[in-house]
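Structural description and commentary
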Amino acid sequence: MQDDGSGESDEIWMLEALRGARRALEAGEVPVGAVVVRRGVIVARGFNCNVSDSDPTAHAEIVALRAAGAALGNYRLGDCELFATIEPCSMCAGAMVHARLRRLVYGADDPKAGAVHSVLHVLNHPCLNHCMQIRGGVLAGRCSEILQEFFRNRR
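This section reports on the structure supplied with the text. All figures in this text were calculated on a predicted structure; none of them were measured in a lab. Residue numbers here run from 1 along each chain, matching the order of that chain's written sequence. Two thresholds apply to this predicted model, a pLDDT of at least 70 for residue-level local features and 80 or more for giving and counting side-chain atom pairs, whereas whole-chain, interface and lining totals are computed over all residues. Excluded from the side-chain calculation are hydrogens and water; included are all heavy atoms of the structure.

Note on pairing: two strands pair once DSSP finds at least 2 bridges between them. Strands here are runs of E lasting at least two residues and helices are runs of H or I lasting at least four, both read from the DSSP assignment and numbered beginning at the N terminus. Sheet topology note: the strand β1 (residues 33-38)/strand β2 (residues 41-47) ladder contains six bridges and is antiparallel. For V35, the partnering residue across the bridge sits in β2 and is R45.

Our focus in this paragraph is the packing of aromatic side chains. Any two rings among Phe, Tyr and Trp, with Trp reduced to its six-membered ring, count as a pair given centres within 6.5 Å; such a pair is stacked if its planes are under 30 degrees apart, edge-to-face if over 60, and tilted if neither. Applying the stated criterion across every chain, the model contains one aromatic pair. Their ring planes at 80 degrees and their centres at 4.9 Å tell us that F150 and F151 sit as a pair that is edge-to-face. Its relative accessible area of 6% is what places F150 among the buried residues. Burial classification: accessible surface area is computed with a 1.4 Å probe over protein chains only, and a residue below 20% of its type maximum counts as buried, one above 50% as exposed, and the rest as partly exposed.

We now examine the pattern of salt bridges. When a carboxyl oxygen of Asp or Glu lies within 4 Å of a side-chain nitrogen of Lys or Arg, that pair is called a salt bridge. Overall, the coordinates contain nine salt bridges when judged by the stated rule. Between R39 and D79 there is a salt bridge, and its shortest N-O distance comes to 3.1 Å. Linking R39 in the loop between β1 and β2 with D79 in the loop between α3 (60-72) and β3 (80-86), this pair joins segments that are 40 residues apart in sequence. Residue class for R39 comes out exposed when judged on its relative accessible area of 65%. For D79, a relative accessible area of 29% corresponds to the partly exposed category. A salt bridge links R102 to E81, with the shortest nitrogen-to-oxygen separation between them at 3.1 Å. Pair noted here: R102 is in the loop between α4 (90-99) and β4 (103-108) and E81 is in strand β3, with a separation of 21 residues, a long-range link. R102 sits in the partly exposed class, given a relative accessible area of 31%. Residue class for E81 comes out buried when judged on its relative accessible area of 11%. One network of salt bridges, in which partners are shared, links D10, E81, R102, R103 and R135.

Set out below in structure tokens:
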């Protein structure tokens, strides 16, 4: 994983993503949140809404990417960063490549479906035509905690 040294601001944006995760939790969804940041400003937010939207693609990252594309009038988000509370899955990682994100920052690793380094290595794969900066583990404890709370309460 790469780190460009933006530690303090990364934590601020991750706290915003955690707010989205809390909204998902309140809605009965798996608590994952995401924000898209461009030049130091949040341009889009997303949280999981698979159940409420009956949409298997309504992951927080996809919701945020769609909103960012609409807000900026372009599906290419080359000067944007995405902050997600959990390591993205293969679907979300693929969408990030197509969006040409500049950077991904995520909180907790996902040992069951993570497609950055845990299970698959979708981002920065040598056969793909786009690379992005990656930083994982930002506020990982807090990001893991909200997920653990959700699954603990479901059992």
